[in-house]
Amino acid sequence: MVFKRLLLICCCFLFSAQVFGSYILIPMDEQQSNHLKAYGISYWVLQKEIEVDWLLNYRGGSFLFKYYQQFENELIIRGISYQVISDAQSQQILGEIASPASNTDVMKLEKYPKIAVYSPKSKQPWDDAVTLVLTYAEIPYDVIFDEELMEDKLSTYDWLHLHHEDFTGQYGRFYRSYKNAPWYIEQQREFEASARKHGFNKVSHLKLAVAKKIRDFVAGGGFLFAMCSATDTYDIALSADGVDICERMFDGDGMDPRAQQKLNYDNTFAFFDFKLDKNPYNYEFSNIDMQYPERGLKESNDYFNLFEFSAKWDPIPTMLTQNHTRVIKGFYGQTTSYRKALVKPDVVVMGENKEISEAKYIHGIFGKGFWTFYGGHDPEDYQHLVGEEPTDLNLHPNSPGYRLILNNILFPAAKKKKQKT
């Protein structure tokens, strides 16, 4: 009799353990010890062919997936806060999220995206915030550049990142300050050799061809994420198709004197009616970028606000703005932010500083694909300079600015839902 009672107790204990250990919830509110690595573990679970529920607007955009001991062990190793909950508890959470009275929804992540980062193979004198956070979060990626794009290898990826690049062929407008620097001289040599290899007599022509390859990638259903100078120079390059906007020190001949009048804004993703900066010694490419001193801000009062979107009706911008705070510290870059008056009307502004009419974080649709532009260079380094040491993300595991980057990483994994009308 005693033996049977013990056996019954053991069975009940095992049954309870199975019931109460059915799911893992990763909270993404202020209770999370490492927000950035939480994205990495979600990506890792997708690699194991297990679906992940992204709980939009629920506790900062939490993640929910089936419990396996292997997953819990990995969460402990990576130092991520989590809760083991029962099937009944998970159903209760999903019921709350489904309520019409709640601005929440579930986005099912089904397949991990294959990630490419556009960057020269040679070492650059600056770091890239996206590669920093991908490495820290333990999310794998491939580095590709002009050669891979010209050989049409981009189609093998789901997601492409552009950062501190110049698609206009003006070498980042670094001529005045760095024309004698070894890295600048070597970069110019490499880019010119690459242009010749692919049948172009100017670097600007190669970069335009690359920009069109990226445009076609997005049109076909790809996901593009860009930061810093890659954002505005990409649109400028597309607008200047067939127009020489480079001065002699960049391509051997002068700029077309009527270049401004010949720009075609219909070709661009995000911006229109912008004016080129015709002085090749200036650091700026156009008036798209909001820069010092016109912004009138300093580090202590430089912030931007994230919009809160309807999770049930606007799932895409909702995914891209998941965070544990709606107010985020600003940060500079060669392209810091965007003059709102020059942002196309159909572009979704997801983060802005309304007081000075600047957009910081914007998104749009092109063809079957999507693009996101994020102004600034490094969310945890207010004014990152050429040659500075990269940011140590071990010091910033809960960075809301870096979270926006990782929202974009998981976005392509989402199951496409029928658009509500």
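What counts as what
- Residues numbered from 1 in each chain as written.
- Predicted model: local features only at pLDDT ≥ 70, side-chain atom pairs only at ≥ 80, totals over all residues.
- Heavy atoms only, no water.
- Helix = DSSP H or I, 4+ residues; strand = E, 2+ residues; numbered from the N terminus.
- Buried < 20%, exposed > 50% of the residue type's maximum accessible area, 1.4 Å probe, protein only.
- Contact = heavy atoms within 4.5 Å.
- Areas by Shrake-Rupley, 256 points an atom, 1.4 Å probe, with all protein chains shown as cover.
- Lys, Arg positive; Asp, Glu negative; His and termini not counted.
- Charge placed at Lys NZ, Arg CZ, Asp CG, Glu CD.
- Expected span 1.5 Å × (residues − 1).
- Arc of directions from axis to C-beta.
- Pairing = 2+ DSSP bridges.
- Core = buried A, V, L, I, M, F, W, Y, C linked by side-chain atoms within 4.5 Å.
- Disulfide = S-S within 2.5 Å.
- 1 Å grid on protein atoms, 1.4 Å probe; cavity = no way out; pocket = protein on both sides within 12 Å on 5 of 7 lines; lining within 4 Å.
- Points joined across faces, edges and corners; volume = space filled by probe spheres on them.
- Nonpolar A, V, L, I, M, F, W, Y, C, P; charged D, E, K, R; others polar.

Visitor: Break down the overall build of the protein for me, with residues and values.
Guide: The helix and strand inventory of the protein stands at 14 helices and 15 strands. Looking at the protein as a whole, 57% of its 421 residues qualify as buried. Long-range pairs, those at least 24 residues apart, make up 76% of the contacts in the protein with a sequence separation of at least 6. Accessible surface, the protein as shown: approximately 18,800 Å² in total, 54% of it carbon and sulfur. Side chains of the protein give 46 positive and 55 negative charges; the mean places of these two sets differ by 4 Å.

Visitor: Talk me through helix α8 (residues 182-197); I want residue IDs and the actual numbers.
Guide: Over its 16 residues, α8 runs 23 Å from end to end, which matches the ideal 22 Å to within 8%, given 1.5 Å per residue. Those residues of α8 not exposed but buried are W183, Y184, Q187, F191, S194 and A195. In an axial view of α8, the angular spread of the buried residues amounts to 100°, which keeps them on one side of the axis. The exposed residues of α8 that point more than 90 degrees off its buried face are P182, R196 and K197. In this fold, the buried residues of α8 make contact with α6 (146-150), α7 (175-178), α9 (203-219) and α11 (248-251). Where α8 ends, the next residue or the one after it, G199, has phi of about 85°, a positive value.

Visitor: How would you summarise the pairing of strand β3 (residues 62-66) if you had to cite specific residues and measurements?
Guide: For β3, the buried fraction is high: four of the five residues fall into the buried class. The sheet contact formed by strand β2 (residues 52-56) and β3 spans three bridges and is antiparallel. Counted as the bridge partner of D53 is L64 from β3. Connecting β2 to the antiparallel partner β3 that follows it, the hairpin turn spans five residues, and N57 within it adopts a positive phi of roughly 65°.

Visitor: A description of the nonpolar core should follow, citing residues and the corresponding values.
Guide: Counting 60 residues, the largest nonpolar core has I26, W54, L109, M227, Y374 and I405 as the members making the most contacts within it. Here this core takes eight residues from helix α2 (residues 35-47), the largest share from any one element. Setting aside residues up to four positions removed in sequence, I405 forms contacts with A129, V130, V133, F225, M227, Y374 and P379. Grouped together as the second largest cluster of nonpolar side chains are 56 residues, V218, A270, F274 and F285 included.

Visitor: Could you give an account of the state of the cysteines, with specific residues and numbers?
Guide: Counting across every chain of the model gives zero disulfides. Counting only cysteine sulfurs, C246 is the nearest neighbor of C228, a cysteine outside any disulfide, at a range of 19 Å. Classification of C228 as buried rests on a relative accessible area of 0%. According to the relative accessible area criterion, C246 is buried, its value standing at 1%.

Visitor: Could you give me a rundown of the pairing of β2, with the residues and numbers involved?
Guide: β2 sits mainly inside the fold: five of its five residues count as buried. Burial along β2 is two-sided: the face carrying V52, W54 and L56 and the face carrying D53 and L55 are both buried. Summarising the sheet, β2 and strand β5 (residues 105-109) pair through five bridges and their orientation is antiparallel. Within β5, the residue paired with L56 across the bridge is D105.

Visitor: I'd love a proper account of empty space enclosed by the protein, names of residues and values included.
Guide: Using the criterion set out here, one finds four cavities of 30 Å³ or more in the structure. Volume-wise, the largest cavity comes out at about 110 Å³. Along the wall of the largest cavity there are 15 residues; nearest its centre are D166, Y171, G172, Q187 and F191. For the lining of the largest cavity, the secondary-structure elements that each account for two or more residues are α8 and α9. Broken down by class, the residue content of the lining of the largest cavity amounts to five nonpolar, seven polar and three charged.

Visitor: Mind laying out the environment of P27, listing which residues take part and the relevant values?
Guide: Note on placement: P27 falls in the loop between β1 (23-26) and α2. Between the alpha carbons of P27 and Y82 there is a distance of 6.4 Å; along the sequence they are 55 residues apart. When neighbours within four sequence positions are excluded, P27 is seen to be in contact with Q32, R59, S62, S81, Y82 and Q83.

Visitor: Let's hear about unusual backbone geometry: which residues, and what values?
Guide: Located in the positive-phi region is E138, a residue other than glycine, with phi close to 65°. Structurally, E138 is set in the loop between α5 (129-137) and β7 (142-144). Overall, the relative accessible area of 41% leaves E138 in the partly exposed class. A positive phi angle, close to 55°, is found at S357, a residue other than glycine. Relative to the elements of secondary structure, S357 occurs in the loop between β13 (348-353) and β14 (358-366). You can call S357 partly exposed: its relative accessible area is 43%.

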